[in-house]
Structure formats: C-alpha cells, structure tokens
Amino acid sequence: MANTTPAAHECKKTFVVEHLDPELEAWSSLEYSAIASECTAHDARFFLSSVPKELELPENLQKVKGLHVEHRSIETLFADQKDKVCLLDPSAAQELSPEDGEKFHVFLFGGILGDDPPRDRTSELRNKGYEGRRLGPVQMTTDTAVRVTRMVVQERVPLDAIPYIDHPELTINKNESTIMPFRYVKDENGQPVMPEVSA
Ligand SMILES: C[S@@+](CC[C@H](N)C(=O)[O-])C[C@H]1O[C@@H](n2cnc3c(N)ncnc32)[C@H](O)[C@@H]1O
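Everything numeric here is computed off the predicted structure, so don't read it as measured data. (Residues numbered from 1 in each chain as written. Predicted model: local features only at pLDDT ≥ 70, side-chain atom pairs only at ≥ 80, totals over all residues. Heavy atoms only, no water.)

## Examining the pairing of strand β1 (residues 14–19)
Burial analysis of β1 places six of its six residues in the buried class, the great majority of the element. Alignment of β1 against strand β2 (residues 45–49), held across five bridges, turns out to be parallel. By the bridge assignment, Val-17 is partnered in β2 with Leu-48. Taken together, β1, helix α1 (residues 26–41) and β2 form a β-α-β motif whose crossover is right-handed. Note: β1 against strand β5 (residues 106–111), six bridges, orientation parallel. Each residue of the ladder has a partner; that of Thr-14, found in β5, is Val-106. (Buried < 20%, exposed > 50% of the residue type's maximum accessible area, 1.4 Å probe, protein only. Helix = DSSP H or I, 4+ residues; strand = E, 2+ residues; numbered from the N terminus. Pairing = 2+ DSSP bridges. Right-handed = clockwise from strand over helix to strand, strands pointing away.)

## Examining the site of the ligand
Not every one of the 22 residues close to the ligand is listed here, only the nearest: Leu-88, Asp-115, Arg-121, Thr-122 and Gln-139. One nitrogen or oxygen atom from the side chain of Gln-139 is found 2.7 Å from a nitrogen atom belonging to the ligand. In isolation the ligand has 580 Å² of accessible area, and contact with the protein removes 99% of it. The cavity where the ligand resides is the largest pocket. (Near = heavy atom within 4 Å. Polar contact = N/O pair within 3.5 Å; in protein donor to acceptor, adjacent residues only side chain to side chain. Areas by Shrake-Rupley, 256 points an atom, 1.4 Å probe, with all protein chains shown as cover. 1 Å grid on protein atoms, 1.4 Å probe; cavity = no way out; pocket = protein on both sides within 12 Å on 5 of 7 lines; lining within 4 Å. Sits in = over half its atoms within 2 Å of the grid points.)

## Topic: the nonpolar core
Counting 34 residues, the largest nonpolar core has Phe-46, Phe-107 and Val-148 as its most contacted members. Every element with two or more residues in this core is listed here: β1, α1, β2, β4 (85–88), β5 and α6 (142–153). It is α6 that provides the largest number of residues to this core, a total of six residues. Leave out the neighbours within four places in its chain, and Phe-107 touches Lys-13, Thr-14, Phe-15, Val-16, Cys-86, Leu-88, Leu-96, Asp-100, Gly-101, Thr-149 and Val-153. Grouped together as the second largest cluster of nonpolar side chains are 13 residues, Val-16, Phe-47, Val-106 and Leu-125 included. (Core = buried A, V, L, I, M, F, W, Y, C linked by side-chain atoms within 4.5 Å. Contact = heavy atoms within 4.5 Å.)

## Considerations on the sheet that holds β5
Reading across the sheet, the six strands line up as β3-β2-β1-β5-β4-β6 and stay open at both edges, with parallel pairing between neighbours. Sheet topology places β3 (68–69) and β6 (131–133) at the edges, where each strand pairs with a single neighbour. Direction of pairing for β2 relative to β3: parallel, over a ladder of two bridges. Within β3, the position partnered with Phe-47 by the bridge is His-68. Those strands touched by α1 are β1, β2 and β5, and its axis lies near 155° from that of β2. On the sheet, α6 packs against β1, β4 and β5 and is oriented at approximately 165° with respect to β5. (Axes fitted to C-alpha atoms, helices over the stretch in contact; angles between N-to-C directions.)

Written out as structure tokens, the structure is:
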C-alpha cells in the first residue's frame, strides 16, 4: 500500500507559541494578534498553547482570525510528531535554514515578553528535548521570531538575506524616546515591523 503520510514540505506550516508567562500582557496580545493575522495571510496555522483555563483572553485576541487557543501544551498537541517540531532557540548551535522547511513542519517559540538581559526562559522548552535552531545572535520579539522563521521556511529566504534593524530608538513624545533592545525585520520604508497598536 502507498505511504500516504505527507512529507514535511507538503504540510501546511504550523507555528506554535507556548505561552510561558503567568499573565497575558497587553503587549503580548498585540504580538499574538500580529502572528495570527500573518499566518492567516500566508496559509499557515497558528496555535497559542498552554493557555491556562482561567486566563481570560484580552478582547483583541478573542476576535482575531486564525488564532487557535489551546489549553494543552506542545507535548500533548504534537505528541506523535516530536521529530517534526523545531524549537527556535537563541542558544541553539545551528542556524535555521530554508532546508529546515523540509525537515520540520511545526515551529515552536517561547511565548515570553523579551527581557534585557535575556534570562533564557526558552530553556523551559529546550529541556523537553526538541531539536533547536537559532535565528542569529540577537534577541528578537516573539512576533519577529515567527515572521523571520516563516520567511526562511516558507519563502526560502536565507536568514542572512533578511533586512533587519537592531535596537531601534522609538520616539514616545517630543522629549522622550526609548531604545528597544531587540532585532526587528526592516520594512520597505526602512522602519522596524512591529505589531499595530489600534487607537
Ligand atoms: C522574546 S524571545 C525570549 C528570549 C528570552 N529573553 C528568553 O528568556 O529565552 C521569545 C521567543 O522568540 C524566539 N527567539 C527570539 N530570538 C531568537 C533568536 N535569536 N534565535 C532563536 N529564537 C529566538 C524564541 O523561541 C524565544 O523563546
């Protein structure tokens, strides 16, 4: 009988953010909402896993299309496909490459607000034994990490061909600005791609 199991490159890509923070902060909900919209636009699936049952989702996330909220963890969700799951891990020895889109079809991220200096909370997922890949040496926000991974494994753009902006300075008002200690994708206007904050 013919083998009907699709190869990894024939499967819809699945992006899983394992929510690791006790709360779901407003900024995380903007990042998750941006990931859901981009996954929908690019024919990919997005799971937000390990969401505690008692956690009430912010309104913007309740309405967003393409978001699958899961109370189960990655270990239960993809228990039978562990070798198809790639953990995006800032401490991994190997960089992500377009060929990884053929090897893996589930890409796993820590749902953690970035911290400076990084506290390596991705280790909570690394300790579960998933194969890891790095996205370069600079810490990205979770939505940026998903965006870059999607570009590499879906669009087959090598990691070092993606335009980035590191540590951009954001103007808050005419007297104040703040440096964001992360790497972002640069858009066609030379600006960092960030979640949209609706008025
Ligand atoms: C905001 S980062 C958190 C990094 C963090 N400070 C920590 O404690 O591990 C959220 C997630 O994005 C992914 N990520 C961010 N930068 C990355 C990089 N340079 N390489 C691989 N994955 C990255 C990882 O999956 C990470 O768990």
